[in-house]
Amino acid sequence: MPELESTANERTPAPPAELEALAQNGYVILEGLVSREQCDQIKQESLRLVERTGANRFEGHRTQRVYAPLGKTRAIDDLIDHPRILALLDALLLPNYLLSQAQIINILPGEDAQLLHHDDALCRLPRPHQTIHAAFIAAIDDFTEDNGATMVIPGSHLWGHELPRADDAVPCVMPAGSAVFFLGTLWHGGGANRTDRARLAVTGQYCEPWLRQHENFFLELTLQQARELREPIRSMVGFSIHPPFMGMVDRHHPRRVLGL
Ligand SMILES: O=C(O)CCC(=O)C(=O)O
């Protein structure tokens, strides 16, 4: 097997206060990840890509989503590999952690609150358990009390199998360009949009390098698209290994398939 590589590098480590907030509450708000101008560009591109509304209550009958955005636009790359997001992931997950899923979510006026859930539920592990999954949801519009801001239940990452009560959830109110970063065990969901304007967000979910990703990037991206992805996004979609050989292709590092 050729050289090992890591998504962790010389990044500035995550501030202890952010890690403490995560340990205590299960989430932390990161302000000012991208500028308002960048949000405007993301919004313009997202509104070009969004199509139909969801098919069920979880997707949201009044929510538009862009699935597989990495094959459709480069507009959200600066969020997907934002150094402050990756610094938190470096502290939480093993080197060569993966992007599990990326999505653009536009909650339209009149949408009901989404069912509360935790992102690692599909793994069916007894709770509470170690962190194997973490995510961010970035506000591209300002998130307010009543426009569909992501709702979280503080401390619920430590729960066992008790079920959440909607009344315990609090909105992540934050200005456009900020994000809520949270552990895969935290109960959360999109909020109800009681305004007359849509609420746009970008989300990235990440997982341990030995866990199956929610999205099958190998089938969503052409080899040429994968070649053109910048690092560390290319590694995070799956052109990486969990040492010594998980993820190999015919004995070799998967990057060789791309001729790189
Ligand atoms: O849009 C949001 O604020 C949350 C969405 C979410 O958690 C999901 O769709 O899984």
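Residues numbered from 1 in each chain as written. Predicted model: local features only at pLDDT ≥ 70, side-chain atom pairs only at ≥ 80, totals over all residues. Heavy atoms only, no water.

**Quick look at the overall build of the chain**
Here is step 1 of the chain: When you go through the chain residue by residue, the secondary structure sums to seven helices and nine strands.
Here is step 2 of the chain: Expected size for 260 residues packed as a compact globule is a radius of gyration near 18 Å; at 18 Å, the chain falls within 12% of this value.
Here is step 3 of the chain: In terms of overall dimensions, the chain has a C-alpha envelope of 55 × 40 × 35 Å along the principal axes.
Here is step 4 of the chain: Of all 260 residues assigned to the chain, the portion counted as buried reaches 53%.
Here is step 5 of the chain: A separation threshold of at least 6 residues defines the contact pool for the chain, and within that pool the share at least 24 residues apart is 82%. (Helix = DSSP H or I, 4+ residues; strand = E, 2+ residues; numbered from the N terminus. Rg over C-alpha atoms; globule rule 2.2 N^0.38 Å. Buried < 20%, exposed > 50% of the residue type's maximum accessible area, 1.4 Å probe, protein only. Contact = heavy atoms within 4.5 Å.)

**A look at the environment of Arg74**
Here is step 1 of the chain: Tracing the chain through its elements places Arg74 in the loop between strand E2 (63-67) and helix H3 (77-80).
Here is step 2 of the chain: For the pair Arg74 and Leu229, spaced 155 residues apart in sequence, the C-alpha to C-alpha distance is 8.8 Å.
Here is step 3 of the chain: A polar contact is formed between the side chain of Arg74 and the backbone oxygen of Leu70, at a distance of 3.0 Å. (Polar contact = N/O pair within 3.5 Å; in protein donor to acceptor, adjacent residues only side chain to side chain.)

**What to know about empty space enclosed by the protein**
Here is step 1 of the chain: For the structure on display, the rule yields one cavity of 30 Å³ or more.
Here is step 2 of the chain: Of the volumes computed, that of the largest cavity is approximately 30 Å³.
Here is step 3 of the chain: Along its surface, the largest cavity is lined by Phe217, Phe218, Leu221, Thr222, Leu223, Ala226 and Phe239.
Here is step 4 of the chain: At the level of elements, helix H5 (217-220) and helix H6 (223-228) are the ones that each hand at least two residues to the lining of the largest cavity. (1 Å grid on protein atoms, 1.4 Å probe; cavity = no way out; pocket = protein on both sides within 12 Å on 5 of 7 lines; lining within 4 Å. Points joined across faces, edges and corners; volume = space filled by probe spheres on them.)

**Examining the packing of aromatic side chains**
Here is step 1 of the chain: If you walk through the whole model with that rule in mind, you get two aromatic pairs.
Here is step 2 of the chain: On the numbers, 6.3 Å between centres and 35° between planes, the contact of Phe136 with Tyr206 is tilted. Pair noted here: Phe136 is in strand E4 (residues 133-139) and Tyr206 is in strand E9 (residues 199-207), with a separation of 70 residues, a long-range link.
Here is step 3 of the chain: Take Phe136: its relative accessible area is 0%, and that puts it in the buried class.
Here is step 4 of the chain: Between Phe218 and Phe239, the ring centres sit 5.2 Å apart and the planes meet at 75°, which makes this aromatic pair edge-to-face. Here Phe218 is found in helix H5, whereas its partner Phe239 is found in the segment after helix H7 (233-237), with 21 residues between them in sequence. (Phe/Tyr/Trp six-rings, centres within 6.5 Å; stacked < 30°, edge-to-face > 60°.)

Bear in mind that shape data such as this cannot, by itself, settle questions of function.
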